Each structure stands twice: as structure tokens, then as C-alpha cells.
Amino acid sequence: MDEGGARIRRRVRVRKRSRPSLGSVCAAPTAAELEPGDEEEEGEKETVVGSRREKTVEVEPAQNNDSEEDLFGDYDSFAGNSFLAQVDDLEQQYMQVPQLRKHASDLTIEDLCSGSIKHNKLSITTVGNFTESKVDEHTKNQSRHKDVFIEPEPDLLYDVPSSQVLYFENLQKSSNDLGDQSTKEKDWNSSSHKTGNEELPQNSTEHHQQIDDPCSKVGTSSEENRRKSLKEHLKSAMTGNAKAQTPVFSRTKQLKETLLSEEINVAKKAIESSSDDLGPFYSLPSKVRDLYVQFKGIEKLYEWQHTCLTLNSVQERKNLIYSLPTSGGKTLVAEILMLQELLCRRRDVLMILPYVAIVQEKISALSSFGIELGFFVEEYAGSKGKFPPIKRREKKSLYIATIEKGNSLVNSLIETGRISSLGLVVVDELHMIGEGSRGAILEMTLAKVLYTSKTTQIIGMSATLNNVEDLQKFLQAEYYTSQFRPVELKEYLKINDAIYEVDSKAENGMTFSRLLNCQIFFPRQYLKHREKEKHEVIKNLKNISSGNLCPILKRTIPFGVAYHHSGLTSDERKLLEEAYSTGVLCLFTCTSTLAAGVNLPARRVILRAPYVAKEFLKRNQYKQMIGRAGRAGIDSIGESILILQEKDKQQVLELISRPLENCYSHLVQEFTKGIQTLFLSLIGLKIATNLDDIYHFMCGTFFGVQQKILLQEKSLWDITIESLRYLTEKGLLQKDTIDKPKEEIQYSFHITKLGRASFKGTIDLAYCDILYRDLKKGLEGLVLESLLHLIYLTTPYDMASHCDPDWMIYFRQFSQLSPAEQNVAALLGVSENFIGKKASGQPIKKKVDKDIVNRLYLSFVLYTLLKEANIWSVSEKFNMPRGYIQSLLTGAASFSSCVLHFCEELEEFWVYRALLVELTKKLTYCVKAELIPLMEVTGVLEGRAKQLYNAGYKSLTHLANANPEVLIRTIDHLSRSQAKQMVSSAKMLLHEKAEALQEEVEELLRLPSDFPSIAASSEKA
């Protein structure tokens, strides 16, 4: 017990916190009221109070006290003077306070106490307001009572623990209730009423609270009983104080978190009830509304958004498809629904987006919300993403993924039995379900979610949907549509020198608008428009490219003009996009892919021709492109102009008048990436393992819904059997026979090791056996003197098939290889003699695999890039566009990650595991090691990472704790919104890593469930 006594002594001897007494609070005049002669007196009073704060009290160690009740024995004092005797005196003073109440009826302390009785609660907010109140906040009330001055008494409250202050406040309130009834009636009429949610810090102490009648009717006997039990209360409370540890928290942060938690609980109850009252902001805390105003400037929703969010199907959590024109505000509805799921229903959310660039853009935009509202935002794109995802203890996760990574994420959740934790799946650009292999993967993902989890809601949105009925049937969803556009769009056609306006009411679909007879020129005034910012853009383009700059951009940027296509690097594209969105650039020439990519709205969109490459424009593509015209909040009207020749006039008129193209399943059309991959995953995840179950699953897919349209010669049953036979022959599945009593033979399937590796690695089944052979052959003579051999093994097969080498460059690079590197080529069967003959145009008798030759050539490109880390020099060496080289690098990083997962499932390839982890990291970032931590932040590319590193932000922790305003001044060409998003993303990543480490610690310290003693006790029970 000596140890316990020592702990008590340390607690009591600490320096007393600054807390004004009730008497001094009542008596303190404002600074304005002090006469010059009084300032010295006031200073003397403060000196006396300060000396009292320095007091320490000696405590005798407690002896042989084993019970909590006897912790203080029979002592009434902790010092030479009787502490509880002082309490009795203080209590007597408080009994006399009601006589003075008519002079100070609006004191903050009394308001807090009366408010606590009215609401039957006393939150930590009031404690904070009492202990941390400033002098000017208290003396403000005194300005209305200049004629009343109460001499301050010795401040006995300094000897009372902080937790007992509330007791005296309640005691004073109770005694005040026994005072003058007329004064109480006056207070009743003048007090203001507030709700529980309005009990905010600082402001709450400035409002009076209503006092309940039951408290005013308490008799004298109850007051005496309360006085008698004062010592027991203090003993019990001091016991708790002596044992408790006082945590150090930011009071403001704690109050904000408490308020947000209360609002979320209220919103959770509201969203679960059948009431039409949706609370402060569509069943979300009011803080969400404030954050949308702060981060996005959205103060009010459009009418259609309100209607959509209040649909019965949305309230009942039914699946929903909604369609509106581009720029109509579809994403905001999805975000609100995602926040409802994360905050109120406390379940994870998956958002599937079509492109990596949009994933990164959305990560940056929502990280700020995650930091403020307490959920994680995780990126699943390229080589990023953890499978299975980390299981969080408290906070929920918003997974933002590309189509391919979304499929892998769903597979991992099903495999670990956690698919039910996924409360909502949101799919943007739902029409992509009908576009090639990516559409087939999206269809597989949604079909598996529908089949394995009946509690997961699916929300799909698109601007270009036609055959919605099929999609509704597939997703079992409701449908909502509107033609709303925030900015009116006018469509024009240019034929020769005439401009025609598209008019659906006209006979031929268009009406003459005006003649066009002008020349394009840029006056000198354009050079002076935001001249400084344009020079900054040029300077930053040079910095991110190691001093290199495209000569075309060098000439056009001063005039506010730039181009944007896949030939540029990601750094260059991002920098030009930022310059355009901030108004530094006013004219963008770009490919059609930008229309479906990053959101860059414009006043006018001009289509140079009704063709995409050699194919004629589709209605869906046309609507997506012209949908970028019209900037909400800036323009009152948007314009699109399609330039065409006379020969294309009829086709264009049909284009603008016909309905949108129908959306059809590609599940069977994309054989190896579609139905075969689906069957392999169904059997690997044990969703369906026999023929009947697999066929039943197929009937529920989008393809199953459209089978009457898509299947003419074969039935769905035939295709199912054919696909399973192909997988079995390829060695990915094995067939088992099950005998049934009715002499029927039923076949079931199980996945082989190679099949599981292909499924886990998401390897295209057309290449899985080739990959296995290459890895197996590599084990025979893996060359580790350089990275060339490993790079070859992770070079994507599909990119190699489209490669057309420059043989002279190939021969030049081959001749510069070291002996070890030439040994790699020899192992692959590619000789210098063969490359030399190809370069000189000589005939070749010996056959060499073209795919191997092409893949080795791309390996040379990647190998050179990793050695030099300068994409400009590599582009010049191999005569390739910079953008293509970067796409190759991104594809190689992603495929390297797939090969790693492939090898993890096959024990014979254990040697590759550690090697591929490091190689994947090198391919992902392709920068110096010191820049990798900064590159992990979403949206920070090589150029920006160099700027941050040079400015002193050398780690993730540095960036997470950075001040956005300082970043703006330090980093060139960085807007305020970009700086805030960057800091928020860094904080989010830091929190994720901290949470993961905490999870690991708890897992290590957790007692195993199969621990012998636990297992034995459970068996006995």
C-alpha cells in the first residue's frame, strides 16, 4: 500500500491548474471598467491568486488500507488544516448565495448548472467551459451590473479536485432554487432554450437555460441530507481521482469528436426509422453539409438530386440505376449515399471507376472528408492495393478502385468470408459493362456480389444508357432518370462555311445559323494575359522533365494553348490539366479519351471530325464528348460544334437523331478474359462447384438476361459445358464424379494449383501456361547479375504482341549489353546474329518466336529506363513517345504484381517472391529511393515529389503535418485546393499505416482462441 500512498502524494503535489473561484468570477470587472488607479489593485489581486496556485500539500502515505472505502481511513484532512472543514465553510457560503442572485442572475456558472438539470445530463463541454473560460468571457456579463461589487473571498476551490467543481456547481444551483421565487420567475421568462446538439463550446456559456420545477421544490430535509453526505461523496470521488490517470487530450478536438459522434448516432437512428424526417443533411450529420461548403463550395443540391436521395427505393436500400446528361451532378448523389453507409450503417464501401486518373482524382477529393469524418480512403489501382484488405477495428474503409482491381478486391472479400462487410458498391460509367474485356470483368464483379451478399446495395450511374430494362433485370434495380443540365447545351454542325444548329423539330434535324468567314489569329494581348503564370507552367514542365521541354508546348503555352494526349507523361498531363482548370490555359487540343477521363469542362467543345481513328463516331461517344461543354457556375450556356464534310452529312444527321446504342454483354465474346475466368473464380472461391450451380449462376448474369438476343446457334447450357471442358483440358480444373441414387451422374469440379495461381494473380488465361513455362525455365538459369532477366519475366504479354521493333535501334542496344545480359538473351533463344540480319534486311532461315523477340525489346526499354530514370533520354534512344514508355512502365508494374501473386500460390516459385516484391516497387515509382515515400501519396508524381523533397518535405510525416498555406508559397504552381488535397491524402495514408501497425500489435498480444487452458475450460463446460 506504500506504493499506493506514493502515487497519491505525487498526484496532490502537482501544480494547481488555473481556475477562478465563484466569488472572483462574480466580482471581476472588465478591463474597460478598471480606472487607472485600480489597475495596480487588480494586479495585486492577481499576484495573490497566483501565489495560491503555487501551493503544494504534503500527504502522509496510507498504511495497510486494502479496501477502497478505507483508502483515507478516518482522516478528514490531507494536510495540517482540515480540508473537509474548509468544505463545510464553503458549503455555508453557498447557502447564502441566493440572497445575491437577483444581482447576478445571468452568471455563466448558474446557466450551466441549470441546463444540466433540464437535460438530465452534464457533458464534458460544460467542464471545459468552466475550467478554460477567459476573463473577458466572464466580465462581459458583469458589465450590466456595475453597481454591484462583491469582495472576493479566499478561494477554497483551489483545494478541490477538478472533478469536484461540478458537485459545488450543482450544490449552488440547488440552493439557488430555494431563493426568491419572483427572481426565478423572471429568470424563467428571460432564459433561452437550446437543444442538446447546440451545447457547443464557447457559445453555450452565453445562453441562459431553463430550470425545472422539481428542483425548485426540493425541501430543506433533502438539503440537509445532501450536506451530511458531502464527506462521503468527496472521499469516493478522491479515491477515483487518486487511482485514475488523467489523459492529455486536445479539448477542442475532443468536443468536436463527441459532437460528431452524437450526430452520427442520431442520424443512424433516423436512417433506420421509417420516418420521413431525414435529419440535418439527408440522414447525415450537419458537419457533412459544412464540409461540402468548405471543400467543394456546394451550398444547395439540385432539385433532381434531392428527389433522387428521397426516393423510397433509396430509403429502403434497394439497388438503383440513375442516368443524367454529363455534368448533371451524378457523383454528388453517390457520395452522399456512400457517406450514409460509412458513417450511419458502419459498413465498408467500394467505388468502381473506369480509369486510374479518375481513381486518383477521387482519392484526393475524398481524403479530406475521411480525415474529418473518421473513415479510411484506400486506393486500388495499378500495383496499389492490399489483398485481402486490412480488417479495421473501428473505422470503416472506402475502397476506390479501377474495374480490374475492384474484381480482385471482391474475390478476396468472398474468399475470407467478409463480403457481407461490404455495404455498398457504386459503379460510375455503368455503360462500360458493354465495352470489351473490361466490361466482362465489371459484369463478373457485380454478378458475384449479387450472388454472395444479399445485404450489399449496388448503385450504378451513367450519362449514356439505352436498354436500361436489361440492366435493371440483371441488377434487380430501380431506375431514375432526368434530362437536367445545370447549363444549357446548344449543338452546332459546321458544313463548309456554314454553321447549322441542331434542331430536333426541324425537318432534316438542323436549321441554318450563320456563315463562318474568319481567320484564326492570336493578338499580342494574349501574350500578356496571365503572363507570369504561363512562364511558371513552362518552368515547371522543364523541372519535371530534367530540363527538357517539348518545342511545340514552348511556342503555344505563351498564347494559352496546349495539347493533351497519351504521348505526354503523366506529370506533363497533370500539370497542363491544372493550368487549364485554373484558367492559365484557355484552349486545349486533345484526343477523344479525355472526354471520358478527367473532368475538364469548357465553354465550347469543337469536334474536328465525326471519326475516332478510322471508325465513325457512335452516339454514346458523341454525347460523352459534347457533354463537357458548359461550366456550371461560370457559363450560362455551352456550345458544341461538329466539323464535317459534305460526304458525311447524312451519317451525321442520323448520328444526332438516333437513340443511344444498346449495351450488350461481352462475357462470352471475351472468351479467356470473360466466361472462363468467371468459371475459374466461381470454383476457386467455392461459390459454385458443380454444373447445375454454375449454370444457375450464369442465368443470373447480364449475359444470362440477354441470352435470347446474343445466342443464336448454341444454348447457354452448351457454352457452359464447353467452357468447363476447355479449362479442364488446360489443366486449370479437375473433374470429380458424384454418384446419385437415381442412377444420375453429377460432375463437380475443383481448382488445380495452376488454376488457383492464375485466378489469384488475375492472369489472362490465354497466357497462364506460357507464364508458367517462362518462370519454370527461368529457374534453370536465372541471371541475377542485372535486373534484365526479371524485367523480361514481368513484361506484359499483350503489349509485346502489338510491338513493332526498330531493328537498327534493337541491334545497337543489343551490342551494348554486358556478357551477363547477353547470356539472358541466349537463354531466351535470341542471338545477336538474328538481330543483325533483321537490321540489315538479310533473309533468316532459323525460326525465332516473334513474341519472345518483341518482349525482349520492350524489356530493353524498361531496363534502360530503370537505369537512367529519365524518360526523355529513353524516348530519344528508342524513338518512342514518352507517354507510351510510361504506359509500358505502368503495365509492367501491374503485371509484376500479378506475377508475384501467381508465384505465391506455387511453392516451386518461392525464389521469385522476394525478388518480385522489390522489382514491383521499382517499376511502380521508377525514381530515386528517397522520393518513394512521397510518391506513395495519391496525386504526387515524380515532378511534384522532387519539388517537395527540395523544399524540405522528405517524408510522409513531413507532408502530413504541412501547412497548406506554407506549401502554396513554397511549391511553384500549386493551388490552394491541390495543397489541401495533398496534405489530406498524406494524413489519410499515415493514419492507415498507423492503424495497420496497431492491428498487428493487438494481434500479437491477443491470446489465441486455441490456447490449451481456454480449450480445456470450454470442453469442461
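This section reports on the structure supplied with the text. (Residues numbered from 1 in each chain as written. Predicted model: local features only at pLDDT ≥ 70, side-chain atom pairs only at ≥ 80, totals over all residues. Heavy atoms only, no water.)

**Overview of the overall build of the protein chain**
Right, on to step 1. When helices and strands are counted, the protein chain shows 49 helices and 18 strands.
Right, on to step 2. Residues classed as buried in the protein chain amount to 48% of the 1021 residues present.
Right, on to step 3. For the protein chain, the share of sequence-separated contacts (at least 6 apart) that also reach a separation of at least 24 residues comes to 71%. (Helix = DSSP H or I, 4+ residues; strand = E, 2+ residues; numbered from the N terminus. Buried < 20%, exposed > 50% of the residue type's maximum accessible area, 1.4 Å probe, protein only. Contact = heavy atoms within 4.5 Å.)

**Side note on helix 39 (residues 832-840)**
Right, on to step 1. Along helix 39, the positions that sit buried rather than exposed are Phe834, Ile835 and Gly836.
Right, on to step 2. Where the residues of helix 39 are buried, they touch helix 37 (807-815) and helix 40 (850-868).
Right, on to step 3. Immediately downstream of helix 39, the backbone of Gly841 shows phi near 80°, a positive value.

**Quick look at the pairing of strand 5 (residues 422-428)**
Right, on to step 1. Counting buried positions along strand 5 gives seven out of seven residues, so the element sits mostly inside the fold.
Right, on to step 2. The pairing of strand 2 (residues 348-352) with strand 5 spans five bridges and is classified as parallel. For Ile352, the partnering residue across the bridge sits in strand 5 and is Val427.
Right, on to step 3. When strand 5 meets strand 6 (residues 457-462), the two strands line up parallel, connected through five bridges. Looking across to strand 6, one finds that Leu424 is bridged to Gln457.
Right, on to step 4. Read from strand 5 through helix 20 (residues 436-452) to strand 6, the crossover connection turns out right-handed. (Pairing = 2+ DSSP bridges. Right-handed = clockwise from strand over helix to strand, strands pointing away.)

**Considerations on the sheet that holds strand 4 (residues 397-401)**
Right, on to step 1. Pairing in this open sheet of seven strands is parallel, and the strands run 3-4-2-5-6-1-7 from one edge to the other. A single partner strand is all that each edge strand has here, and the edge strands are strand 3 (376-380) and strand 7 (477-481). Neighbour to neighbour, the strand axes of the sheet diverge by 15° on average, direction disregarded.
Right, on to step 2. Strands strand 2, strand 3 and strand 4 of the sheet are contacted by helix 18 (residues 356-373), whose axis makes an angle of about 170° with strand 3. (Axes fitted to C-alpha atoms, helices over the stretch in contact; angles between N-to-C directions.)

**A few points about the sheet that holds strand 16 (residues 637-644)**
Right, on to step 1. Sheet architecture is open: five strands sit in the order 10-9-8-16-13, paired in mixed fashion. The two strands at the open ends of the sheet, each matched to only one other strand, are strand 10 (510-515) and strand 13 (604-607). Taken pair by pair, the neighbouring strands of this sheet meet at an average axis angle of 25°, ignoring direction.
Right, on to step 2. Note that strand 13 and strand 16 share four bridges and pair parallel. Counted as the bridge partner of Arg604 is Glu639 from strand 16.
Right, on to step 3. Across the face of the sheet, helix 27 (residues 649-657) comes into contact with strand 8 (488-495), strand 9 (498-502), strand 10 and strand 16 while running at roughly 170° to strand 8.

**Some details on the packing of aromatic side chains**
Right, on to step 1. Under the defined criterion, the tally for this structure stands at 25 aromatic pairs.
Right, on to step 2. Residues Tyr292 and Phe369 carry aromatic rings whose centres are separated by 4.8 Å and whose planes lie at 50° to one another, so their mutual orientation is tilted. Remark: Phe369 occurs in helix 18 and Tyr292 occurs in helix 14 (residues 286-296); sequence separation between them is 77 residues.
Right, on to step 3. Ring centres of Tyr611 and Phe616 lie 5.3 Å apart, and the angle between their planes is 85°; on these two criteria the pair is classed as edge-to-face.
Right, on to step 4. Taken together through their ring pairs, the aromatic side chains of Trp807, Tyr810, Phe814, Phe834, Tyr857, Phe860 and Phe878 make up a single cluster.
Right, on to step 5. Over the face of the ring belonging to Phe376 we find Arg392, whose NZ or CZ atom lies 4.2 Å from the ring centre.
Right, on to step 6. The ring of Tyr492 has Arg514 lying over it, and the distance from NZ or CZ to the ring centre is 5.5 Å. (Phe/Tyr/Trp six-rings, centres within 6.5 Å; stacked < 30°, edge-to-face > 60°. Lys NZ or Arg CZ within 6 Å of the ring centre and 35° of its normal.)

**Examining a nonpolar patch on the surface**
Right, on to step 1. Residues Val1001, Leu1004 and Leu1005 make up a contiguous nonpolar surface patch of about 360 Å² in total accessible area.
Right, on to step 2. Structurally, the position occupied by Leu1004 is in helix 48 (residues 976-1005).
Right, on to step 3. Residue classification places Leu1004 among the exposed positions, given a relative accessible area of 68%. (Patch = residues over 30% accessible without salt bridge, like charges linked within 9 Å, V, L, I, M, F, W, Y side chains within 5 Å. Areas by Shrake-Rupley, 256 points an atom, 1.4 Å probe, with all protein chains shown as cover. Salt bridge = Lys/Arg side-chain N within 4 Å of Asp/Glu carboxyl O.)

**Observations regarding the environment of Thr762**
Right, on to step 1. Checked against the element boundaries, Thr762 lands in the loop between helix 33 (753-760) and helix 34 (768-780).
Right, on to step 2. Judged by its relative accessible area of 39%, Thr762 falls in the partly exposed class.
Right, on to step 3. Placed 136 residues apart in sequence, Thr762 and Cys898 show a C-alpha to C-alpha distance of 6.4 Å.

**What about the packing of helix 19 (residues 403-415) against helix 20?**
Right, on to step 1. Two elements in contact, helix 19 and helix 20, have axes separated by 9 Å at closest approach and are oriented at 25°. Considering the angle they form, helix 19 stands roughly parallel to helix 20. Every pair of crossing elements has a handedness; the one defined by helix 19 and helix 20 is left-handed. Of the residues in helix 20, those touching helix 19 at Ile403, Glu404, Gly406, Asn407, Val410, Asn411 and Ile414 are Arg438, Ile441, Leu442, Thr445, Lys448, Val449 and Thr452.
Right, on to step 2. Of the residues that constitute the contact of helix 19 with helix 20, the class distribution is six nonpolar, five polar and three charged. (Parallel < 35°, antiparallel > 145°, perpendicular 65-115°, else oblique. Left-handed = near helix turned anticlockwise from the far one by under 90°. Nonpolar A, V, L, I, M, F, W, Y, C, P; charged D, E, K, R; others polar.)

**Overview of the side chain of Ser462**
Right, on to step 1. For Ser462, the location among the structural elements is in strand 6.
Right, on to step 2. Accessibility expressed as a relative area gives 0% for Ser462, which makes it buried.
Right, on to step 3. There is a polar contact of 3.1 Å between the side chain of Ser462 and the backbone nitrogen of Thr464.
Right, on to step 4. Contact partners of Ser462, with chain neighbours within four places excluded, come to Tyr322, Ser323, Leu324, Lys330, Glu429, Leu430 and His431. (Polar contact = N/O pair within 3.5 Å; in protein donor to acceptor, adjacent residues only side chain to side chain.)

**Concerning the pattern of salt bridges**
Right, on to step 1. Summed over all chains, the structure comprises 27 salt bridges.
Right, on to step 2. In this structure, the salt-bridge partner of Glu415 is Lys760, at a minimum N-O distance of 3.2 Å. Here Lys760 lies in helix 33 and Glu415 lies in helix 19, a separation of 345 residues in the sequence.
Right, on to step 3. Judged by its relative accessible area of 26%, Lys760 falls in the partly exposed class.
Right, on to step 4. A salt bridge links Arg603 to Glu639; the nearest nitrogen and oxygen atoms lie 3.9 Å apart. Here the residue Arg603 occupies a position in the loop between strand 12 (587-590) and strand 13, and Glu639 occupies one in strand 16, the gap between them amounting to 36 residues.
Right, on to step 5. Relative accessible area serves as the criterion here: at 30%, Arg603 is assigned to the partly exposed category.
Right, on to step 6. By relative accessible area, Glu639 is classed as buried at 12%.
Right, on to step 7. One connected set of salt bridges, linked through shared partners, spans Glu415, Arg756, Lys760 and Glu905.

**Observations regarding the environment of Glu335**
Right, on to step 1. Tracing the sequence through the fold places Glu335 in helix 17 (residues 330-344).
Right, on to step 2. Judged by relative accessible area, Glu335 falls into the buried class, the value being 2%.
Right, on to step 3. Taking C-alpha positions, Glu335 is 9.1 Å from Val426, a pair spaced 91 residues apart along the chain.
Right, on to step 4. Discounting chain neighbours no more than four positions away, the residues touching Glu335 are Tyr292, Lys296, Lys362 and Leu366.
Right, on to step 5. A polar contact is formed between the side chain of Glu335 and the side chain of Lys362, at a distance of 3.1 Å.

**So, unusual backbone geometry**
Right, on to step 1. Of note, the amide linkage connecting Phe387 to Pro388 takes the cis form, showing an omega dihedral of -10°.
Right, on to step 2. With respect to the helices and strands, Pro388 occurs in the loop between strand 3 and strand 4.
Right, on to step 3. In this model, Tyr282 sits at a positive phi of 50°, which is unusual for a non-glycine residue.
Right, on to step 4. Residue Tyr282 is classed as buried on the basis of its relative accessible area of 14%.
Right, on to step 5. Here Arg530, not a glycine, exhibits a phi torsion of approximately 50°, which is positive.
Right, on to step 6. Along the polypeptide, Arg530 turns up in the loop between helix 22 (525-528) and helix 23 (531-544).

Taken by themselves, the reported measurements are silent on function.
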